[in-house]
Amino acid sequence: MLKIDNINVYYGAIHAIKGVSLEVTEGEIVTLIGANGAGKSTVLKTISGLLRSKTGEINFMGENISTLPSHKIVERGLAHVPEGRRVFLQMTVQENLEMGAYTQKNRDTDADMEQVFALFPRLLERRKQIAGTLSGGEQQMLAMGRAMMSRPRLLMLDEPSMGLAPLLVEQIFAIIQEMNKKGTSILLVEQNAQMALSIADRAYVLETGSIAVSGTGEELIESDKIRKAYLGG
Amino acid sequence: MKRIGKRLRSNLVIYGLVVVTYVVLQMVMGSGHISSSLQGQLVPICVYVVMAVSLNLTIGVLGELSLGHAGFMSVGAFTGVVACIALEGIISLGAVRMAVSMLIGAACAALAGVLIGIPVLRLSGDYLAIVTLAFGEIIKNIINCLYVGIDHRGLRISFLTSAAALELAEGGRVIIDGPMGISGIKKLSTFTMGFALILITLFIVLNLIYSRSGRAIMALRDNRIAAESVGIPATKYKMMAFVTSAALAGAAGTLYALNYSTVTAAKFNFNTSILILVFVVLGGLGNILGSIIAATVLTILPEMLRQFNDYRMLVYAVVLILVMLATNNDDFKGLLYQIRGKILARNGTKGKEGAVNE
Ligand SMILES: Nc1ncnc2c1ncn2[C@@H]1O[C@H](COP(=O)(O)OP(=O)(O)OP(=O)(O)O)[C@@H](O)[C@H]1O
Ligand SMILES: [Mg+2]
């Protein structure tokens, strides 16, 4: 459903992404791992139209989206949960979720919201709370729930486990799997390679702007090289 | 549903206060119990209220700093008066001519807003402050060099020359005379006109804020990256808020200029922009009623405190510095959000009304 072919992204003179190609097939969980500064967030931002690639093509559901503005890309069913829990701090939980349905102009969003609350019961308890006062984990859940409100076919998550306690990380990953089971394909960027590889169908390893290794999640967990570099042993 | 009720109520409070104030003042004026100095200030108060509310749209609701709001006022003032004079023989009824002039003033200011907005609002960062600051100064200088006259052939315009270069025919009249500005204006502005403009401004601004577009604009202010990630077209909504704000300032400029017999570009300088900014900041960012009250009180106050007038700018400076610190310091901002969040959480849904009022 998503096919990226040879993209090159620059920040001024810095060549951040060097000829990356990757693919997500319908129904998959694909993870993109790599060290700090490897360019993972840059890849996601380029896919969602916040950055532009100098070359290559980004194809989503058979359409070249590499020149579309970001709001058009969201309308096509490709949602991005950016790094660092970007919620609307001054709005309530419910208002945040309503903003997530921004592209769903004429649709009744109540059912979507019920689904989000079913995935994240904690948000239901706090639907009237101002998002700025949520804990970090709750904000992450809210950012994910908000993205679900746009009814994405493909959801891109940038480090959802960042700064969360192990128990919460497990919860978040369980929810990602559940979302996937309900039909949303997932492109997951993670520092927590162990967890990411354990739920991923396929994985790509990014090293200083290029794909170094790719394979199924299991293959990469078994690989010595990956274990040394990213799994701490 | 409940939320809509609350919104309606807080809007009704604003409209109600404005209408009641107008009616009371009209009654007091009718009975002759109003000082002539206050009476002379009624139109300027209306002008500054519209200026403050419209600037609040850019600063409080959109969250972009504009330091040249008086520039849009200037564009509206000069184009509005030129239109008014040019239309003298065509529309004889003063109030109608003035309303049309205000529309033209607003349209020209909106155009200026579009020209500034297209390059600047695409960028993220504090570029708007710098560009609007420059805009205010540039407009002032352009008008100082501008000569416009009218004769039977129509409007004649000349730049960087003198009024003589207009080569007006017999019976022609100079309208804008370079640095001398416009003189011999027929005073058309009335308190009722000002009141009407305030109501129109409130109608436009409040409707925008509580619309789907308004939500999108505030989402952009809260967190641009998150807003873009949910599919909000950032440039479109920034332009919408900024251009609306400019247009309203243009209409206020026409109202202002048509209240005096002469108007010069120097009136709409940086100090005026800052004065309006102070109204907005003191009234509360995003707080429309606050802007109305601050603009009113701070326009009347200097008259009443004439003996302290010298210290006014000093107080402004101190307040501005404090507010700059407060809004640019993330720790401080976070603290405010937390305190606010706690208060709102305690009051439950009561906080809804405050959604626009931070
Ligand atoms: N706005 C920017 N301007 C200049 N360079 C940037 C910018 N954003 C990122 N970079 C650089 O691009 C490279 C890739 O950054 P990116 O944020 O994509 O890394 P990442 O893989 O997401 O890292 P992390 O795991 O730490 O989030 C880094 O070297 C970074 O310094
Ligand atoms: Mg990153």
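Residues numbered from 1 in each chain as written. Chains lettered and ligands numbered in written order. Predicted model: local features only at pLDDT ≥ 70, side-chain atom pairs only at ≥ 80, totals over all residues. Heavy atoms only, no water.

## Some thoughts on the pairing of strand β4 (residues 57-60) of chain A
All names here are of chain A. Where we set the bar: Only protein chains enter the calculation, and the probe is 1.4 Å; a residue is then buried if its accessible area is under 20% of its type maximum, exposed if over 50%, and partly exposed in between. A run of H or I in DSSP counts as a helix once it spans at least four residues, and a run of E counts as a strand once it spans at least two, with each numbered from the N terminus. At least two bridges found by DSSP between two strands is the condition for calling them paired.
Burial of the side chains of β4 is restricted to one face: I58 and F60 are buried, whereas none of E57 and N59 on the reverse face is. Looking at chain direction, strand β1 (residues 2-11) and β4 are connected through four bridges and run antiparallel. Pairing of D5 across the sheet is with E57, part of β4. Pairing geometry for β4 and strand β5 (residues 63-64), over two bridges, is antiparallel. Each residue of the ladder has a partner; that of F60, found in β5, is E63.

## Some points on the packing of aromatic side chains
Put simply, the test is: Stacked, edge-to-face and tilted labels apply to pairs of Phe, Tyr and Trp rings (six-membered ring for Trp) whose centres lie within 6.5 Å, assigned for plane angles under 30 degrees, over 60, and everything in between, in that order. Cation placement over rings: the criterion is NZ of Lys or CZ of Arg within 6 Å of the ring centroid and within 35° of the ring normal.
Enumeration over the complete set of coordinates arrives at nine aromatic pairs over all chains. Between Y48 of chain B and F279 of chain B, the aromatic rings sit 5.8 Å apart at their centres with planes inclined by 75°, giving edge-to-face as the arrangement. Of this pair, Y48 of chain B sits in helix α2 (residues 36-61) while F279 of chain B is found in helix α10 (residues 270-283), placing the two residues 231 residues apart along the sequence. Assessed through its relative accessible area of 1%, F279 of chain B is described here as buried. On the basis of an interplanar angle of 70° and a centroid distance of 5.8 Å, the ring pair of Y256 of chain B and F268 of chain B is categorised as edge-to-face. Of this pair, Y256 of chain B sits in helix α9 (residues 234-257) while F268 of chain B sits in the loop between α9 and α10, placing them twelve residues apart in sequence. The class for F268 of chain B is buried, based on a relative accessible area of 1%. Linked through ring pairs, F78, Y256, Y260 and F268 of chain B together constitute an aromatic cluster. A cation sits over an aromatic face here: K54 of chain A above Y10 of chain A, 4.4 Å from the ring centre. R146 of chain A extends its terminal NZ or CZ atom over the ring of F88 of chain A, reaching a point 4.9 Å from the ring centre.

## Brief notes about the confidence of the model for chain A
So the rule is basically this: You can read pLDDT as the predictor saying how much it trusts each residue, on a scale of 0 to 100.
Of all residues in chain A, 99% have pLDDT values of 70 or greater, and the mean over the chain is 92. The least confident element of chain A, judged by mean pLDDT, is helix α10 (residues 224-230) of chain A at 74; the most confident is strand β7 (residues 154-158) of chain A at 97.

## Re the site of ligand 1
Residue and element names in this part refer to chain A. Convention followed: Nearness is judged by heavy atoms alone; a residue qualifies as near a molecule or strand once a single heavy atom is within 4 Å of it. What qualifies as a polar contact is a pair of N or O atoms within 3.5 Å, subject to a donor-acceptor requirement within protein and to the restriction that residues adjacent in sequence count only when both atoms come from side chains. In short, Shrake-Rupley with a 1.4 Å probe defines the accessible areas, and a residue's cover is counted only from the protein chains shown.
Neighbouring ligand 1 are 14 residues; K40, S41, T42, E83 and Q191 lie closest to it. Note that an oxygen atom of ligand 1 is positioned 2.4 Å from one of the side-chain N or O atoms of T42. The separation between an oxygen atom of ligand 1 and a polar side-chain atom of E83 is 2.6 Å. Calculation on ligand 1 without its partners gives an accessible area of 640 Å², and the protein chains cover 63% of this total.

## A word on the coordination of the magnesium ion (ligand 2)
All names here are of chain A. Here is the rule we go by: Here the coordinating atoms are restricted to nitrogen, oxygen and sulfur within 2.8 Å of the metal centre, or 3.2 Å for Na, K and Ca, and because water is not among them the sites may look incomplete.
Coordination sphere of the magnesium ion (ligand 2), protein contribution only: S41 (OG) and E83 (OE), at 1.9 to 2.3 Å. Of this pair, S41 sits in helix α1 (residues 40-47) while E83 sits in the loop between β6 (78-81) and α3 (93-100); the two residues are 42 residues apart in sequence, bridging distant segments of the chain. Here E83 falls in the partly exposed class, since its relative accessible area comes to 30%.

## Concerning the interface of chain A and chain B
Inclusion rule: Should any heavy atoms of two residues lie within 4.5 Å, those residues are counted as being in contact. When two parts are brought into contact, each loses some accessible area as probed by a 1.4 Å sphere; the total of that loss over both is the buried area. What counts as a salt bridge is simple: a side-chain nitrogen of Lys or Arg found within 4 Å of a carboxyl oxygen of Asp or Glu.
At the junction of the two partners, chain A supplies 24 residues and chain B supplies 27 residues. Interface area for chain A against chain B, summed over the two sides, is near 2,500 Å², with a carbon-plus-sulfur share of 60%. It is F88, Q90 and Y102 of chain A in chain A that bury the most area against chain B; as a group they hold 30% of the surface buried on that side. Linking chain A with chain B are one salt bridge, by the criterion used here. Its salt-bridge partner being R215 of chain B, residue E95 of chain A comes within 3.8 Å of it at the nearest N-O pair. Those elements that place two or more of their residues in the side of chain A that touches chain B are α2 (70-75) and α3 of chain A. No other element matches α3 of chain A, which puts four residues into the side of chain A that touches chain B.

## Concerning the pairing of β1 of chain A
Taken together, the seven bridges between β1 of chain A and strand β2 (residues 14-24) of chain A define a ladder with antiparallel strand orientation. Across the sheet, I7 of chain A pairs through a bridge with V20 of chain A, a residue of β2 of chain A.

## Brief notes about the sheet that holds β1 of chain A
Residues and elements named next belong to chain A. Formally: For helices, the axis comes from a line fit to the C-alpha atoms of the stretch in contact; other axes are also lines fit to C-alpha atoms, and the angle between any two N-to-C directions lies between 0 and 180 degrees.
Spatially, the four strands line up as an open sheet ordered β2-β1-β4-β5, and their pairing is antiparallel. Two strands lie at the open edges of the sheet, namely β2 and β5, each paired on one side alone. Sheet contacts for α1: β1, β2 and β4; angle to β1, the most-contacted strand, approximately 115°.

## Notes on the pattern of salt bridges
Throughout the structure, instances matching the rule amount to 14 salt bridges over all chains. We note a salt bridge from E88 of chain B to R97 of chain B, for which the minimum N-O separation is 3.9 Å. Overall, R97 of chain B belongs to the buried group, its relative accessible area being 7%. Through salt bridges that share partners, R122, R126 and E138 of chain A make up one connected network.

## Quick notes on the nonpolar core
As a reminder, the rule being used: Only buried residues count toward a nonpolar core, which is a set of Ala, Val, Leu, Ile, Met, Phe, Trp, Tyr and Cys residues joined through side-chain atoms within 4.5 Å.
Judged by nonpolar contacts, the single largest core of 111 residues is most densely connected at F72, F78, I176, I182, I232, L255 and I288 of chain B. The residues touching F72 of chain B, leaving out its near neighbours within four places in the chain, are A109, A112, G113, I116, F135, F242, A246, A249 and G250 of chain B. If you look at the next biggest cluster of nonpolar residues, it comprises 46 residues, including L157, F173, I176 and L188 of chain A.

## Details of the packing of α2 of chain B against helix α3 (residues 69-86) of chain B
All names here are of chain B. Applied cut-off: An angle below 35 degrees is treated as roughly parallel, one above 145 as roughly antiparallel, one from 65 to 115 as roughly perpendicular, and anything else as oblique. Crossing handedness follows the turn of the near helix against the far one: under a right angle anticlockwise gives a left-handed crossing, and clockwise gives a right-handed one. Ten residue types, Ala, Val, Leu, Ile, Met, Phe, Trp, Tyr, Cys and Pro, are classed as nonpolar, four, Asp, Glu, Lys and Arg, as charged, and the remainder, Gly among them, as polar.
Interhelical geometry of α2 versus α3 gives an angle of 125° and a closest axis separation of 11 Å. Relative to α3, α2 is oriented oblique. Where α2 crosses over α3, the handedness of that crossing is right-handed. The residues of α3 that touch α2, namely those facing V47, M51, S54 and L55, are H69, A70 and M73. When grouped by side-chain class, the residues that make up the contact of α2 with α3 number five nonpolar, two polar and no charged.

## Section: a positive patch on the surface
Just so we agree on the cut-off: Without a salt bridge and with relative accessible area above 30%, a residue can belong to a patch; like charges are then joined within 9 Å and nonpolar side chains (Val, Leu, Ile, Met, Phe, Trp, Tyr) within 5 Å. Counted charges follow a simple rule, with Lys and Arg positive, Asp and Glu negative, and His plus the chain ends left uncounted. Just so you know, the charge point we use is NZ for Lys, CZ for Arg, CG for Asp and CD for Glu.
A cluster of like positive charges, contributed by K72 and K105 of chain A together with R212 and K236 of chain B, occupies part of the molecular surface. Relative to the helices and strands, K105 of chain A resides in the loop between α3 and α4 (110-119).

## What about a nonpolar patch on the surface?
The grouping of I138, I142, F159 and L160 of chain B at the surface amounts to a nonpolar patch, some 390 Å² of accessible area in total. With respect to the secondary-structure elements, I142 of chain B resides in helix α5 (residues 127-144).

## Topic: the sheet that holds strand β2 (residues 154-159) of chain B
All names here are of chain B. As summarised here, the arrangement of the three strands in space is β2-β1-β3, forming an open sheet in which the pairing is antiparallel. The strands lining the two open edges of the sheet, one partner per strand, are β2 and β3 (173-177). Each neighbouring strand pair of the sheet contributes to a mean axis angle of 20°, computed without reference to strand direction. Contacts from α3 reach β1 (146-151), β2 and β3 within the one sheet, and its direction differs from that of β3 by about 175°.

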